[in-house]
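Take a look at the letters that make up each chain.
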Amino acid sequence: QGVPKPFTEVIKANIGDAHAMGQKPITFLRQVTALCLCPELLKDPNLPKDAKERAERLLAVCGGHSAGAYTASPGIEMVREDVARYIQRRDGVPAKAQDIFLSTGASDAIMSILKLLVSGSGSSRTGVMIPIPQYPLYSAALAELDAVQVNYYLNEERCWALDVAELQRALTEGRQRCSPRVLCIINPGNPTGQVQSRQCIEEVIKFAYEQKLFLLADEVYQDNIYAEGSAFHSFKKVLMEMGPPYSEVVELASFHSISKGFMGECGLRGGYVEVVNMDPEVKAQLSKLVSVRLCPPVPGQMVLDIIMDPPKPGEPSYERFQAEKEAVLNALAEKARLTQEIFNRTPGIHCNPVQGAMYSFPRIDLPPRALAAAKEKNQAPDMFFCMRLLEETGICVVPGSGFGQREGTYHFRWVPTP
């Protein structure tokens, strides 16, 4: 409206859209995608030989040798096999293509699994345990499916740790109003940036086994681990290494995506879910369910395949691919360190170490006058803070109330910008 502002641009620190925030695409991913979408480029002498070979391999399994053709509903069989091999390399335990369903990003797969699990009415309605703070996909999906949201709180004082005693409290409370059947874990965390220890994952698996809960493991930030002493352990790997009875009984769906990590290909929409210990009859219903949307976007499937099977040492694109990947991850690690350091130097802001993912969730101490002003405007106090921050500095962040937080505490989610 032409009102003068004390800034010249809005800094969008509110969304994990890596490329929109200036992260450069990985060249090899784009070269192969371009070759698949425009096969005439296969004649271009400037494009590397291994990119052309990869594109030809992908086009060979597409109908009519075209990326514009439908694929099988669970995704291209060859890509599912490459995903299985990736999981096997990552975890050191077997994986099968038949257990993998490709998707339109991880969110599409999460929605499919939730649709499969939600049933009943009244006190028998499916309850889904989700972490607070949570990624709002979960609360929105549960509202759409008319499932019951059962909150368990992460421990901010212990770097957003997950406590099994808190899971038990939430489960007991949930059983008074619904039938909790699903336990959702986000690791590394969004919006909190914590990375779970192996011991914690084992405790969660034992809890799911004892309480007969279906585990959803949202692992889309598995490439983003920064803190010294932190490491990513997949739920699948830990479950299998725990052995019977857990490895034979606990039902698990784990999710990954091309949108985060070092790739940041949010707009190309690719991902997968791997299901473990799912009853064959139930898996048949999942196959039927995913067939409703015909197939995941083919360019997203192609990018996923390249990430699952990246250039190898000795291939023309290997060195450039590795250098670009490491540059992105090193920059994110440095931003994570700076974020924690600078916020903790700022009066009234407290920030846990950013162990992984792409976010921090600092707590803010708001003085009584700010709380009163927020009440007068009929705004949540953290929304009031975020709006003032935007109006006075041009920095756009998301209030903690959008993710959930303990009563009486106020936060915002921050995404480091380039």
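The following paragraphs examine the structure supplied in this document. (Residues numbered from 1 in each chain as written. Predicted model: local features only at pLDDT ≥ 70, side-chain atom pairs only at ≥ 80, totals over all residues. Heavy atoms only, no water.)

Considerations on the packing of helix 3 (residues 77-91) against helix 11 (residues 298-308)
Close contact between helix 3 and helix 11 brings their axes to 9 Å; oriented N to C, the two are set at 30 degrees. When the axis of helix 3 is compared with that of helix 11, the two are roughly parallel. Helix 3 and helix 11 meet at a crossing whose hand is left-handed. Together, Met78, Val79, Asp82, Val83, Tyr86 and Arg89 of helix 3 and Gln301, Leu304, Asp305 and Met308 of helix 11 make up the contact between the two elements. (Axes fitted to C-alpha atoms, helices over the stretch in contact; angles between N-to-C directions. Helix = DSSP H or I, 4+ residues; strand = E, 2+ residues; numbered from the N terminus. Parallel < 35°, antiparallel > 145°, perpendicular 65-115°, else oblique. Left-handed = near helix turned anticlockwise from the far one by under 90°. Contact = heavy atoms within 4.5 Å.)

Quick notes on the pattern of salt bridges
In the structure shown here, the tally under the stated rule is 23 salt bridges. Between Glu274 and Lys236 there is a salt bridge; the shortest N-O distance is 2.7 Å. Placement of the pair is Glu274 in strand 8 (residues 271-276) and Lys236 in helix 8 (residues 235-242), with a sequence separation of 38 residues. Here Glu274 and Lys236 have matching classes, each one buried. (Salt bridge = Lys/Arg side-chain N within 4 Å of Asp/Glu carboxyl O. Buried < 20%, exposed > 50% of the residue type's maximum accessible area, 1.4 Å probe, protein only.)

A look at the nonpolar core
Counting 41 residues, the largest nonpolar core has Val32, Val83, Tyr272, Met302 and Leu304 as its most contacted members. At the level of secondary structure, the elements contributing two or more residues to this core comprise helix 1 (27-37), helix 2 (49-60), helix 3, strand 2 (100-103), helix 11 and helix 12 (318-345). Ranked by residue count, the leading element in this core is helix 11, at seven residues. One finds Leu114, Val273, Ala357 and Val415 within the second-largest nonpolar core, a separate group that totals 37 residues. (Core = buried A, V, L, I, M, F, W, Y, C linked by side-chain atoms within 4.5 Å.)

Some words on the pairing of strand 8
Of all six residues that make up strand 8, six are buried, and the element is covered over most of its length. Alternating residues of strand 8 divide into Gly271, Val273 and Val275 and Tyr272, Glu274 and Val276, and every residue in both groups is buried. Taken together, the four bridges between strand 2 and strand 8 define a ladder with antiparallel strand orientation. Counted as the bridge partner of Ile100 is Glu274 from strand 8. Of the pairings in the sheet, the one linking strand 7 (residues 252-257) to strand 8 comprises six bridges and is antiparallel in character. Bridge pairing in strand 8 links His256 to Tyr272. (Pairing = 2+ DSSP bridges.)

Interpretation note: all reported values are geometric properties and have no functional meaning in isolation.
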